[in-house]
Amino acid sequence: MSRSYYEASARERLAGVVDAGSFHEFVPPAARVTSPHLAQLDQPVAFDDGVVVGRATLAGRPVLVAAQEGGFLGGAIGEVHGAKLLGLIERARTERPAALLFLFDSGGVRLHEANAGLVAVSELIRAILRARRDGVRCLGLIGGAGGCFGGTGLIARCCDRLVMSEEGRLAMSGPEVIETARGVEEFDSRDRALVWRVTGGKHRYLLGEADRLVEDDVDQFRAAAADLLDSEAGLTLAAVEREHARLQQRWQRFADCDDAPEIWQRLGVDNPAEVPLLPLDQFLAVADGCRSAP
Amino acid sequence: MEHLDYELPSRPQPHRREPLLVGVVGSGNCELLLEGGPPADRCRISIKTSAHGFAPIWTAVVADFAARAAAGGLQIEINDVGATPAVVSLRLDQAIEAWEESANV
Amino acid sequence: MNAPLHLPWDSLRRRRDGRLARAKALGLDKNVPAERVVQLLETVIEPGDRVCLEGNNQKQADFLARALAKVDPQRVHDLHLVQSVVALAEHVALFEQGIARELDFSFSGPQGTRLAALVGDGKIRINAIHTYLELFARYFVDLTPNVALIAAEAVDDEGNLYTGPNTEDTPAIVEATAFKNGIVIAQVNERRQTLPRVDIPAGWVNYVVVAPKPNYIEPLFTRDPALISEIQVLMAMLVIKGIYAEYGVKSLNHGIGFDTAAIELLLPTYGESLGLKGKVCTHWALNPHPALIPAIEAGFVQSVHSFGSELGMERYVAARPDVFFTGADGSLRSNRAFCQAAGHYACDLFIGSTLQIDLAGNSSTATKGRITGFGGAPNMGADARGRRHESAAWLKAGTEAAQGAQHGAAAMPRGRKLVVQMVETFREHMAPAFVERLDAWDLAAPMGLANPPVMIYGDDVTHIVTEEGIANLLLCRDLAEREQAIRGVAGYTEVGLGRDRAKVEELRARGVIRRAEDLGIARRMASRDLLAARSVKDLVHASGGLYNPPSRFRNW
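Keep in mind that this is a model prediction, so the values were computed, not measured. (Residues numbered from 1 in each chain as written. Chains lettered and ligands numbered in written order. Predicted model: local features only at pLDDT ≥ 70, side-chain atom pairs only at ≥ 80, totals over all residues. Heavy atoms only, no water.)

**Considerations on the overall build of chain C**
Across its full length, chain C carries 19 helices and 18 strands. Considered along the principal axes of its C-alpha atoms, chain C spans approximately 80 × 60 × 55 Å. In chain C, which comprises 556 residues, the share counted as buried stands at 61%. The contacts in chain C between residues at least 6 apart in sequence include a share of 73% that link residues at least 24 apart. Counting 61 positive and 64 negative side-chain charges, chain C places the centres of these two groups 1 Å from one another. (Helix = DSSP H or I, 4+ residues; strand = E, 2+ residues; numbered from the N terminus. Buried < 20%, exposed > 50% of the residue type's maximum accessible area, 1.4 Å probe, protein only. Contact = heavy atoms within 4.5 Å. Lys, Arg positive; Asp, Glu negative; His and termini not counted. Charge placed at Lys NZ, Arg CZ, Asp CG, Glu CD.)

**Things to note about the side chain of Asp 383 of chain C**
With respect to the helices and strands, Asp 383 of chain C occurs in the loop between helix H13 (377-380) and helix H14 (392-404). If we ignore the near neighbours within four places in the chain, the residues touching Asp 383 of chain C are His 344, Arg 416, Lys 417 and Asp 460 of chain C.

**Concerning the pairing of strand S2 (residues 79-85) of chain C**
All names here are of chain C. Of all seven residues that make up S2, seven are buried, and the element is covered over most of its length. Sheet topology note: the strand S1 (residues 50-53)/S2 ladder contains two bridges and is parallel. Within the sheet, the bridge partner assigned to Arg 50 lies in S2 and is His 80. Since S1 and S2 lie parallel, the crossover through helix H3 (residues 62-68) that links them has a hand, and here it is right-handed. Traced from S2 through helix H4 (residues 89-96) to strand S3 (residues 100-107), the parallel crossover comes out right-handed. (Pairing = 2+ DSSP bridges. Right-handed = clockwise from strand over helix to strand, strands pointing away.)

**Quick look at the side chain of Thr 144 of chain C**
Residue and element names in this part refer to chain C. Within the secondary structure, Thr 144 is located in the loop between helix H6 (132-139) and strand S5 (147-155). Within the structure, Thr 144 has its side chain in polar contact with the backbone oxygen of Tyr 139 (distance 2.6 Å). Apart from the residues within four sequence positions on either side, Thr 144 is in contact with Arg 50, Arg 138, Tyr 139, Ala 176 and Lys 180. (Polar contact = N/O pair within 3.5 Å; in protein donor to acceptor, adjacent residues only side chain to side chain.)

**A short note on the pairing of strand S4 (residues 99-104) of chain A**
Residue and element names in this part refer to chain A. A large share of S4 lies buried, amounting to six of its six residues. Residues Ala 99, Leu 101 and Leu 103 point to one face of S4 and Leu 100, Phe 102 and Phe 104 to the other, with burial holding for every one of them. When strand S3 (residues 61-68) meets S4, the two strands line up parallel, connected through five bridges. Residue pairing across strands places Val 63 opposite Ala 99, the latter belonging to S4. For the crossover from S3 across helix H3 (residues 79-95) to S4, the handedness is right-handed. For the segment spanning S4, helix H4 (residues 114-133) and strand S5 (residues 138-142), crossover handedness is right-handed.

**Observations regarding the environment of Ser 27 of chain B**
Residues and elements named next belong to chain B. Looking at the element boundaries, Ser 27 is found in the loop between strand S2 (20-23) and strand S3 (29-36). You can call Ser 27 exposed: its relative accessible area is 74%. Considered as a pair, Ser 27 and Asp 80 are 53 residues apart in the sequence and their alpha carbons are 8.5 Å apart.

**Considerations on the interface of chain C and chain A**
In this complex, chain C contributes eleven residues to the contact, which on the side of chain A involves 14 residues. Interface area for chain C against chain A, summed over the two sides, is near 1,300 Å², with a carbon-plus-sulfur share of 45%. Per-residue buried area on chain C facing chain A is highest for Arg 534, Asn 555 and Trp 556 of chain C; these three make up 47% of the total on that side. At the junction of chain C and chain A, the tally comes to four salt bridges. (Buried area = accessible area lost by both parts, 1.4 Å probe. Salt bridge = Lys/Arg side-chain N within 4 Å of Asp/Glu carboxyl O.)

**Some details on the interface of chain A and chain B**
Chain A puts 15 residues into the contact, and the matching count from chain B is 15 residues. Both sides of the chain A and chain B interface together cover about 1,200 Å² of buried area, and 64% of this is carbon and sulfur. On the chain A side of the interface with chain B, the three residues burying the most area are Arg 32, Pro 44 and Phe 47 of chain A, jointly 44% of the side's total. The interface formed by chain A and chain B includes two salt bridges. For Arg 32 of chain A, the salt bridge goes to Glu 35 of chain B, with nearest N and O atoms at 2.4 Å.

**Digging into the nonpolar core**
Ranked by size, the top nonpolar core spans 102 residues in total, and within it Ile 45 and Ile 76 of chain B together with Tyr 244 of chain C carry the most contacts. Take this core: its biggest share by element is twelve residues, from helix H8 (residues 230-247) of chain C. Leave out the neighbours within four places in its chain, and Ile 76 of chain B touches Leu 32, Leu 33, Leu 34, Cys 43, Arg 44, Ile 45, Ser 46, Phe 65 and Leu 92 of chain B. Counting residues in each nonpolar core, the second largest holds 77 residues, with Tyr 207, Val 423, Leu 475 and Ala 485 of chain C among its members. (Core = buried A, V, L, I, M, F, W, Y, C linked by side-chain atoms within 4.5 Å.)

**Examining the packing of helix H16 (residues 479-488) of chain C against helix H18 (residues 501-509) of chain C**
All names here are of chain C. At a minimum axis separation of 9 Å, H16 and H18 run at an interaxial angle of 90 degrees. Looking at the two axes, H16 sits roughly perpendicular to H18. Side by side, H16 and H18 meet where Glu 481, Gln 484, Ala 485 and Gly 488 of the first sit next to Lys 503, Val 504, Glu 506 and Leu 507 of the second. Its residues assigned to classes, the contact of H16 with H18 comprises three nonpolar, two polar and three charged. (Axes fitted to C-alpha atoms, helices over the stretch in contact; angles between N-to-C directions. Parallel < 35°, antiparallel > 145°, perpendicular 65-115°, else oblique. Nonpolar A, V, L, I, M, F, W, Y, C, P; charged D, E, K, R; others polar.)

**Observations regarding the pattern of salt bridges**
Applying the stated criterion across every chain yields a total of 75 salt bridges over all chains. Ionic pairing is found between Asp 105 of chain A and Arg 13 of chain A, a salt bridge with its closest N-O pair at 2.9 Å. In this pair, Asp 105 of chain A sits in the loop between S4 and H4 while Arg 13 of chain A sits in helix H1 (residues 10-17), placing the two residues 92 residues apart along the sequence. By relative accessible area, Asp 105 of chain A is classed as buried at 2%. For Arg 197 of chain C, the salt bridge goes to Asp 329 of chain C, with nearest N and O atoms at 3.5 Å. One end of the pair, Arg 197 of chain C, is in the loop between strand S7 (183-191) and strand S8 (207-210); the other, Asp 329 of chain C, is in the loop between helix H11 (314-318) and helix H12 (336-345), with 132 residues separating them in the sequence. Under the relative-accessibility criterion, Arg 197 of chain C is labelled buried at 12%. Classification of Asp 329 of chain C by relative accessible area gives partly exposed; the value is 32%. Look at the salt bridges and you will find they share partners, linking Glu 90, Arg 93, Arg 130, Arg 133 and Asp 134 of chain A into a network.

**A look at the sheet that holds strand S16 (residues 463-466) of chain C**
With mixed pairing, eight strands are arranged side by side in an open sheet as S11-S10-S9-S12-S15-S16-S17-S18 (chain C). The open sheet has two edge strands, strand S11 (303-305) and strand S18 (513-514) of chain C, and neither has a second partner.

**As for the confidence of the model for chain C**
Residues at a pLDDT of 70 or more form 99% of chain C, whose mean pLDDT is 94. Prediction confidence for the complex, expressed as pTM and ipTM, is 0.93 and 0.95 respectively. (pLDDT = per-residue confidence, 0-100.)

Here's what the structure looks like:
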């Protein structure tokens, strides 16, 4: 029976993605390194502060891996959570694993400890780019119930490659944030079809932001991640400039679009209204002919 | 947060392994950290819960658990966000099962 | 011998004709422009009239409700509303403005708090809270509407109405009004040259207005499988093995909660593994629940008759005419009155949830500060004492009732309907489902009722299912046993902790209380992996792409 990646907890996802029995956890729950900020606010803490980090193998090759738990405060990044991720990235620069694997499931910065969380996000972005410069391959998997938003969305887009499911969501400002800031007329966060249309895996794949789109299945995420262990790695000035040019071009092409299907139409999708309902294989057949190059 | 601590008689848990985490600290849910430590015929349970005023219910839930499970020699710490007794009991049973399934000895 | 009375035998008809003539004099004929509807209502409705404003938990005559709230209270006032639900803000506004004064109804979901406040302010007189079937019955006895404001899908050039999949209450309302000197006013979504089928003949309708916006329909019966918990899976397993299989329940009605959605989603997996296909759950009185799709596709279900429809199920229903009642056009033909009758008389079992259960098994959804009503639950959740046809489930339940002998020396054998209440011992925020005393007791007086508003009476309930097990109340020999059986499945609530442990173990030994392990159900088996669909998307796939869920239920 297929196992839903969307429904699984961080630990279940992690156990399913890496080689069975290969995971060794750093700063495990029994170390009880929990959030001092939450304790001060008399709020519930988690023994792992919402993120599992450690060493494992994937398809027999060494990886360093982190999995965020979207069920604990939306997977949001606080001081301890951020420090665990940062330590893992720093370790990758000396250990040189085949990949640094992030199982993202996070709404961004944890409001209870916003300053520490914001600092952590900026440190993490810098650390990932430095690790990439040093040749460490950074892969992100996005398909959890909490999505990948805010600072975590920024971190994800700093990775070399992203694997998403249709159920995965990736964006800077989350739906509720947009609605709060700009009003329900601008964005109705309860309109789930709209939310998935403009942040979901299909849209991100068509825009070239997700490199692989898979079914909501732990094994498919695992296979895609393993497949990407041989993808090109490294960050050069030329690559950054190419990315900037690509973003510039996207702005010129799509800035006046009101909704995702308009973008899909301009990309050359024949029946954009049908895209959300297409099964994965049919969608890929349509999308691979016209999507923006990653 | 309300803190509750129990030490209860329980049948000895025959298996040994490294600490184990079960569950998630989310609304209506809880996480449990299991470790060895107490004497073989005693189970220690300590709870931190965001729902105040339910001590009598916790007392009954953990007493039933210690009576039905082989939890002797285990220390169980719980971080709770308003899980119902049904969910807490289920997580406790799942934790013992997971402990035994992946035991080293 | 008395002299013959000289009564004006057609006074009501002449009064109606007078109203129609007044409208005609203003140039209002059968087709009324939307902007003149308020004027029409002010012309044909008289102070003190009984008015039925159609609406249920799904379809609403919302445009006509807004129009009625705009009439001049100097001209139209002190109306007596006789209608299924008080659901819209406009319904309540009618009382706040004095346009209406009296109310006979069945259900008020979202407006329950405002309704309670109006009672407190003396702005409303609630005569009675009914079941749907009871209210429809009174339309034909002493609550016949003078004016009915109804909702339909389309009208043709001759004035016939098509009610589409959501026919719901319309036939019952129109039948009572049109044939007893009343006036029927319909709002429709559109005009069509020809209708897919005629649901209401033109001659029964006096006025038709095309509403500026389609009438509102609430997707009330869509339950996202993603929100079903492991505990609900466990309870569903208890019900399938401990009740459906045990009694061979073939005909049934389900409530609308996640508990019963879990049962629907376990039939093709757990139910199949128990070899129950074709043996249980073959005939239903049920709206087209999306959660039933996997069971239908697995061949469990032979027939479903519906109270109303469900948004997004149109194409699926049209493609499964062997299962659903459909018109020649393929669209569902629902009918609340007939389906309520089916649920009462032709079903072996009703299962639903509630908010509070007391020590005698009485249950209520009324809580302090809210007047909610009952809807259809009491019709389904009551023994059908008029029933005579036999079935295995009905006979077995009757035999057990005789063993329990709660009805004295049951010399004459008779069957019994299975009425099951399914609740977790604690609801959200640790609110206990079991209480010593129902909140309903405190609501009777402020509502001007002689009796507490009980949804399902304890003596109609046959089983209570919680995550702790099943209490079979049929087998209880007296009220004291019944109380201990209920306490025995009430878990860690105060009611549960107050149980007599020795007595509960005795009841368990007799099979009055059955825990999961007594039924051979391992609690750890209760995983969401057992659900035939774990998301709305799975339901779409199960339907072969025919189910088209409303956008609020999508995550794609």
